[in-house]
Amino acid sequence: KDIKLDCPAYTLAISALGMRGLRRRAVKMLTKMRRNSVRADNQCYTQAIIAADRVYNGDFAITLLRRMIENQLSPDTITYNAVIKAQARSENRWEYALALVDEMQDRGVQPNEITYNTVISACKRSGNWQGAFSIALSLKNVGIRPSIVTINTVISALETGGKWEA
């Protein structure tokens, strides 16, 4: 006998599959939900974005974010941070990461230290030490005090760009 799952059950399944490394199966749960007429919520999409992070590229995370918004859901800081992290893991996606911060602010979602550290990491991965340094300098303007993580990430970006000597 089939058991009908609700949205929280699907969210748990997506999260568990993602943690087990079965990331493609986790993302496919969104399709299964739609087929079974179960409406996905913010947590469900966020878990799918997190699960997809290491399998798909940054474009896929943005596609899931757009689908979420099309379904009249409101992504929060955690969701945006997951999408930005997917950009940071992809090559040369720092501009997308930065654009997502602007989108967050336009939608009334407050970026946090994790948001900015992740954008700095995206700059570092892309070899954009100037962007990483500039973002770190601008944190004061948005009321965020750089943490040791921020400082280390900027130093690493400078080192990657050949602008730091120990």
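Because the structure is a prediction, the values reported are computed rather than measured.

Right, let's talk about unusual backbone geometry for a bit. One non-glycine residue, S37, lies in positive phi territory at about 55°. Inspection of the secondary structure assignment puts S37 in the loop between helix 2 (23–35) and helix 3 (42–52).

Our focus in this paragraph is the packing of helix 5 (residues 77–89) against helix 6 (residues 94–106). Between helix 5 and helix 6, the least distance of the axes is 9 Å, while the angle of their chain directions is 165°. By the angle between their axes, helix 5 is roughly antiparallel relative to helix 6. In the packing of helix 5 onto helix 6, the handedness of the crossing is right-handed. Only Y96, A97, L100, V101, E103 and M104 of helix 6 make contact with helix 5, whose side of the interface consists of T77, Y80, V83, I84 and Q87. Each residue belonging to the contact of helix 5 with helix 6 can be placed in one class, and the counts come to 8 nonpolar, 2 polar and 1 charged.

Looking now at the nonpolar core. Nonpolar side chains in soluble globular proteins tend to end up buried together. The biggest cluster of nonpolar side chains holds 45 residues, and the ones touching the most others in it are I14, L30, M33, C44, V83, I84 and L100. In terms of residue count, helix 5 provides more of this core than any other element does, 6 residues in total. Every residue in contact with M33, bar those within four places of it in the chain, is listed here: C7, Y10, V38, R39, A40 and C44.

In this structure, the largest pocket occupies an estimated 160 Å³ of space. In terms of lining, the largest pocket is formed by R23, I49, I50, D53, R54, I78, N81, A82, K85 and R89. Of all the elements in the fold, those that place two or more residues in the lining of the largest pocket are helix 3 and helix 5. Here the residues of the lining of the largest pocket are counted per class, giving 4 nonpolar, 1 polar and 5 charged.

Our next topic: the packing of helix 8 (residues 129–138) against helix 9 (residues 148–160). The N-to-C vectors of helix 8 and helix 9 enclose an angle of 155°; their axes lie 8 Å apart at closest approach. Overall, the two elements helix 8 and helix 9 adopt an arrangement that is roughly antiparallel. Both helix 8 and helix 9 take part in a crossing whose hand is left-handed. Contact with helix 8, carried on its side by W129, A132, F133 and A136, involves V154, A157 and L158 of helix 9 and no other residues of that element.

On to the packing of aromatic side chains, then. Enumeration according to the criterion identifies 0 aromatic pairs in this entry. When the ring centre of Y96 is taken as reference, the NZ or CZ atom of R93 above it lies at 3.7 Å.

In total, this model carries 2 salt bridges according to the counting rule given. Of the charged contacts, one joins D59 and R93 as a salt bridge, the two residues approaching to 2.9 Å between their closest N and O atoms. Of this pair, D59 sits in helix 4 (residues 58–70) while R93 sits in the loop between helix 5 and helix 6, placing them 34 residues apart in sequence.

Another aspect to go through is the side chain of S147. Mapped onto the elements of the fold, S147 is located in the loop between helix 8 and helix 9. The residues contacting S147, other than those within four sequence positions of it, are E113 and N117.

Structurally, the position occupied by N42 is in helix 3. Look at N42 and you get buried, because its relative accessible area is 16%. Residues N42 and M29 lie 13 residues apart in sequence; the distance between their C-alpha atoms is 14 Å. Excluding anything up to four places from it in sequence, N42 contacts M68, L73, S74, P75 and T79.

Rules and cut-offs
- Residues numbered from 1 in each chain as written.
- Predicted model: local features only at pLDDT ≥ 70, side-chain atom pairs only at ≥ 80, totals over all residues.
- Heavy atoms only, no water.
- Helix = DSSP H or I, 4+ residues; strand = E, 2+ residues; numbered from the N terminus.
- Axes fitted to C-alpha atoms, helices over the stretch in contact; angles between N-to-C directions.
- Parallel < 35°, antiparallel > 145°, perpendicular 65-115°, else oblique.
- Left-handed = near helix turned anticlockwise from the far one by under 90°.
- Contact = heavy atoms within 4.5 Å.
- Nonpolar A, V, L, I, M, F, W, Y, C, P; charged D, E, K, R; others polar.
- Core = buried A, V, L, I, M, F, W, Y, C linked by side-chain atoms within 4.5 Å.
- Buried < 20%, exposed > 50% of the residue type's maximum accessible area, 1.4 Å probe, protein only.
- 1 Å grid on protein atoms, 1.4 Å probe; cavity = no way out; pocket = protein on both sides within 12 Å on 5 of 7 lines; lining within 4 Å.
- Points joined across faces, edges and corners; volume = space filled by probe spheres on them.
- Phe/Tyr/Trp six-rings, centres within 6.5 Å; stacked < 30°, edge-to-face > 60°.
- Lys NZ or Arg CZ within 6 Å of the ring centre and 35° of its normal.
- Salt bridge = Lys/Arg side-chain N within 4 Å of Asp/Glu carboxyl O.

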